[in-house]
Amino acid sequence: MLLFFTLGLLIHFVFFVSIFDIYFTSPLVHGMTPQFTPLPPPARRLVLFVADGLRADTLYELDENGTSRAPFIRNIIMHEGSWGISHTRVPTESRPGHVALIAGFYEDVSAVAKGWKENPVEFDSLFNESKYTWSWGSPDILPMFAKGASGDHVYTYSYDAKREDFGAQDATKLDTWVFDNVKDFFHHARNNQSLFSKINEEKIVFFLHLLGIDTNGHAHRPSSRDYKDNIKKVDDGVKEIVSMFNHFYGNDGKTTFIFTSDHGMTDWGSHGAGHPSETLTPLVTWGAGINYPQRVSAQQFDDSFLKEWRLENWKRLDVNQADIAPLMTSLIGVPFPLNSVGILPVDYLNNTDLFKAESMFTNAVQILEQFKVKMTQKKEVTLPFLFTPFKLLSDSKQFNILRKARSYIKHRKFDEVVSLCKELIHLALKGLSYYHTYDRFFLGINVVIGFVGWISYASLLIMKSHSNLIKAVSKEVKKPSHLLPCSFVAIGILVAFFLLIQACPWTYYVYGLLPVPIWYAVLREFQVIQDLVTSLLTYPLSHFVGYLLVFTLGIEVLVLSFFYRYMLTAGLTAFAVWPFLTRLWTRAKVTSLSWAFFSVLLAVFPLMPVVGRKPDISLVMGAGLLVLLLSLCVVTSLMKRKDSFRKEELLVHLLQVLSTVLSMYVVYSTQSSLLRKQGLPLMNQIISWATLASSLVVPLLSSPAVFQRLFSILLSLMSTYLLLSTGYEAVFPLVLSCLMFVWINIEQETLQQSGVCCKQKLTSIQFSYNTDITQFRQLYLDDIRRAFFLVFFLVIAFFGTGNIASINSFDLASVYCFLTVFSPFMMGALMMWKILIPFVLVMCAFEAVQLTTQLSSKSLFLIVLVISDIMALHFFFLVKDYGSWLDIGTSISHYVIVMSMTIFLVFLNGLAQLLTTKKLRLCGKPKSHFM
């Protein structure tokens, strides 16, 4: 059985990573020839301002007094330059946003996980193509472009990472640092001949990364005065820098300025998903080669922003974020980044029609080069009779379009050139996508066949080893045939040979060959399949169809709950009614009423707003008081039973109560300190980390009796959860745990009702690491319901407060009791533990259910695995890489969540066993080091 679970874990890991190989591999190709416009560029230098985390609406809108928060930028829009909205893509994070801006392509989702500061893949960029680039800003952004550049011509100046503190006095200092250092740099250049000559060269770039707005948005929300004041500071800083550049270069009119953002931010201060507040960013350009403002009488857009911003008479030019890269390269005359998929927005250019036509032609040839390389690569590794070329862009069509474009340029039909080149670009991008997804169907079919095979094998194993369903059917032991293994060996060899002659990557062998041993294992159990069919034929058809419909409905409710949280409310309401439709109500009225009450109470949470959007520390304090009240009741009750409650255990409970009190104090104290902008107090940080470290140790000191151990686990984990809470979600684990306690009781009642076993008091049942396997029973039909309950409770543990519905649901304020200095992986780990705490509570309750119902954890776990895998197969078919970016991000996260749940289930099952069965003993006087 251990081998089975190990193989199962490995198989699920393969299924998990398959989505990234099938849908989200790197789109980059190498081997193209650099392309640049043959005409002289309008600018010698380019200054790029990126205000990290700046929303378009917050910059462009007028404040309550009818004045702009950024008067200098608004003046540029009205009198000097061109403006619009830059549409970003998922994931709306700093790294992918900057790659799109500066390199002109959209990173695949998996690249973010491969490295935050380093380049997971080699790519070309504007900085690499420039003669020199100087950059100032965050140490998280600048190094990745410097390390990706060829030669030694990209210079970076960044502040210490510790300055990125969400609890600091004033995050605008991050932007002030950048502006001050740029000024010092130019002052120093006047006295340094070598540097002076470099910054007077052509084809140079100055990059100012401004992180203050993003930091203030995370710490105080975009609606806060801090966020809006930071915009004013940035506007003032940009004004000073522009004035300094004009003065330094003697107003030579050869400097282009571009002001934009990498991503926006939600109202609750996060980003990462595809909400418009995250994907709509500002773009303002002015200077050499940029069109002057264009007055218009009317503009057609699908939104009402122009009226809201009072900019309806100034022409708005929207672009995709990757389009900014070719715009910048054409302005200073450097080659287009080799991997850029951006389309030059010619409406921004103030130059001759010939220049626009030549630039557009260069853009088209540069993207066509990528298409040709991609097609050649795919053609070389595909058998000739299996290769299907992209028919919309054949070699002859490429030649005809390029020839016609050149002819139009010769005859000065420049508008036709631009139109024709845009058509060629769109076809080339479609072709790139076609060849990039060429093997998707083959890989997808293999994964689906493997998935179905695994589900079938797990189901057969349940029938064979853990149920009485086929025991009554007589079986004749037959000699194993050699035909079956030989057939599957031959199939495996054929698949491997097919992949070998096509020079496929090693991952293709994994996906292609994995179904072979899985289906061999399934067909080896042919006798079990035969017996199962025989047994089902004797079962009443109406009963079978009824159970199948109920099971299917349950699975669909679970799947729909990922899209609509209110489905969880509907499911919990059905749970509340369940005891009253059975004989449980007549046998155990108090238990049934408790079950209904806590089910309805828990059903309220999915109807509430997603956690983090409206923080309320008073609710966290209220949750802490409820924990203390419950602790008082439980300890008082246990003290009355002197025979089973020793002083040592009383001390453990009192220490846990003290830990809860300390957590409440730390939450309140930290919130007050951050509001005063005094940062995170060191003592609060020490207490928080100590509480977190002790939360998995202290429960092991308590009694192994089911009720006492589970209550001890709840107290320890609640202390940590309070520290990670910002609002109503602090009450969630408490209500969930109450329902879990009732679940354990109600499952005892159902077994007593069916006559399987007698009911025991929870205070008399003890968790034991070495359980007597002779006490385990076989599975019954009702055990499928128990497994379904577990999966449902796991889903409610994930989505009950909506905290992982999408990337942008993470609220950084949750971790401010532990750290405020930006650390993506540490903050991510803490928020992940917050998500897993309700999960652990459910798994510990599940351990108690298994113990009290005399059921093997392996048998019930197999049913849970089958249910989870059916859900995962649903979401595999629902994964998409087209449509709105919100839909794409959601489809990815759903599959990742359900597959992670299956994989983590194995590890958390082990953690739950450790927490419930392990017992530590204190020698001598107990010490309080775990506090």
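Structure shown above.
Residues numbered from 1 in each chain as written. Predicted model: local features only at pLDDT ≥ 70, side-chain atom pairs only at ≥ 80, totals over all residues. Heavy atoms only, no water.

Caption draft 1: Here's a closer look at the overall build of the chain. When you go through the chain residue by residue, the secondary structure sums to 35 helices and eight strands. Looking at the chain residue by residue over its 931 residues, the buried ones come to 57%. At a minimum sequence separation of 6, the contacts of the chain that also span at least 24 residues come to 80%. Taken as a whole, the chain presents about 39400 Å² of accessible surface, with 62% of it coming from carbon and sulfur. (Helix = DSSP H or I, 4+ residues; strand = E, 2+ residues; numbered from the N terminus. Buried < 20%, exposed > 50% of the residue type's maximum accessible area, 1.4 Å probe, protein only. Contact = heavy atoms within 4.5 Å. Areas by Shrake-Rupley, 256 points an atom, 1.4 Å probe, with all protein chains shown as cover.)

Caption draft 2: Layout of helix α15 (residues 353–380). Along its 28 residues, α15 runs 41 Å from first to last C-alpha, staying within 8% of the 40 Å computed at 1.5 Å per residue. Most of α15 is tucked away, with 21 of its 28 residues classed as buried. (Expected span 1.5 Å × (residues − 1).)

Caption draft 3: View of the nonpolar core. Counting 156 residues, the largest nonpolar core has Trp595, Trp743, Phe793 and Met871 as its most contacted members. Ignoring anything within four residues of it in the chain, the contact list for Trp595 reads Phe575, Ala576, Trp578, Pro579, Leu739, Val742, Trp743, Ile746, Phe789 and Phe793. Among the nonpolar cores identified, the runner-up in size contains 65 residues, and Val99, Ile102, Phe105 and Val154 belong to it. (Core = buried A, V, L, I, M, F, W, Y, C linked by side-chain atoms within 4.5 Å.)

Caption draft 4: Local environment of the pattern of salt bridges. The final tally for this structure, using the stated rule, is 21 salt bridges. Between Arg55 and Asp267 there is a salt bridge whose closest N-O contact spans 2.8 Å. Of this pair, Arg55 sits in the loop between β1 (45–51) and α2 (56–60) while Asp267 sits in the loop between β6 (255–260) and α12 (276–279), and the two are 212 residues apart along the sequence. Classification of Arg55 by relative accessible area gives buried; the value is 8%. The partner of Glu201 in a salt bridge is Lys131, with the nearest N and O atoms 3.1 Å apart. Taken as a pair, Glu201 in the loop between α9 (193–198) and β5 (204–210) and Lys131 in the loop between α6 (126–129) and β3 (132–137) lie far apart in primary sequence, 70 residues in all. Note on Glu201: relative accessible area 27%, which makes it partly exposed. Taken together, the salt bridges that share partners define one network made up of Glu747, Asp782, Asp783, Arg785 and Arg786. (Salt bridge = Lys/Arg side-chain N within 4 Å of Asp/Glu carboxyl O.)

Caption draft 5: The packing of helix α18 (residues 440–465) against helix α20 (residues 506–513), seen in detail. The N-to-C vectors of α18 and α20 enclose an angle of 40°; their axes lie 8 Å apart at closest approach. Taken together, the axes of α18 and α20 lie oblique to each other. Residues Phe442, Leu443, Asn446 and Val447 of α18 touch α20, and the partners they reach there are Tyr508, Tyr511 and Gly512. Broken down by class, the residue content of the contact of α18 with α20 amounts to five nonpolar, two polar and no charged. (Axes fitted to C-alpha atoms, helices over the stretch in contact; angles between N-to-C directions. Parallel < 35°, antiparallel > 145°, perpendicular 65-115°, else oblique. Nonpolar A, V, L, I, M, F, W, Y, C, P; charged D, E, K, R; others polar.)

Caption draft 6: Structural context of the sheet that holds strand β7 (residues 280–287). Here eight strands make up an open sheet; going across it, the order is β4-β3-β5-β1-β6-β7-β2-β8 and the pairing mixed. Looking at which strands have only one partner, the edges of the open sheet turn out to be β4 (154–158) and β8 (319–320). Looking at chain direction, β1 and β6 are connected through six bridges and run parallel. Looking at β6, one finds that Leu48 is bridged to Ile258. (Pairing = 2+ DSSP bridges.)

Caption draft 7: Broad picture of a nonpolar patch on the surface. Judged by side-chain polarity, Leu536, Tyr539, Leu541, Phe544, Val545, Tyr547, Leu548, Leu549, Leu781 and Ile784 come together as a nonpolar surface patch covering roughly 900 Å² of accessible area. Among the elements that make up the nonpolar patch, the one with the highest residue count is helix α23 (residues 541–561) (six residues). As for its placement among the helices and strands, Leu548 is situated in helix α23. Relative accessible area serves as the criterion here: at 46%, Leu548 is assigned to the partly exposed category. (Patch = residues over 30% accessible without salt bridge, like charges linked within 9 Å, V, L, I, M, F, W, Y side chains within 5 Å.)

Caption draft 8: Molecular detail of the pairing of β7. β7 sits mainly inside the fold: seven of its eight residues count as buried. Bridge count for strand β2 (residues 82–87) against β7 is six bridges, and the pairing is antiparallel. Counterpart to Ser86 in the pairing with β7 is Thr281. Sheet topology note: the β6/β7 ladder contains five bridges and is antiparallel. Bridging from a neighbouring strand, Thr260 pairs with Leu283 of β7.

Caption draft 9: Region of interest: the environment of Leu500. Checked against the element boundaries, Leu500 lands in helix α19 (residues 483–501). For Leu500, a relative accessible area of 56% corresponds to the exposed category. Between the C-alpha atoms of Leu500 and Val381, which are 119 residues apart in sequence, the distance is 9.6 Å.

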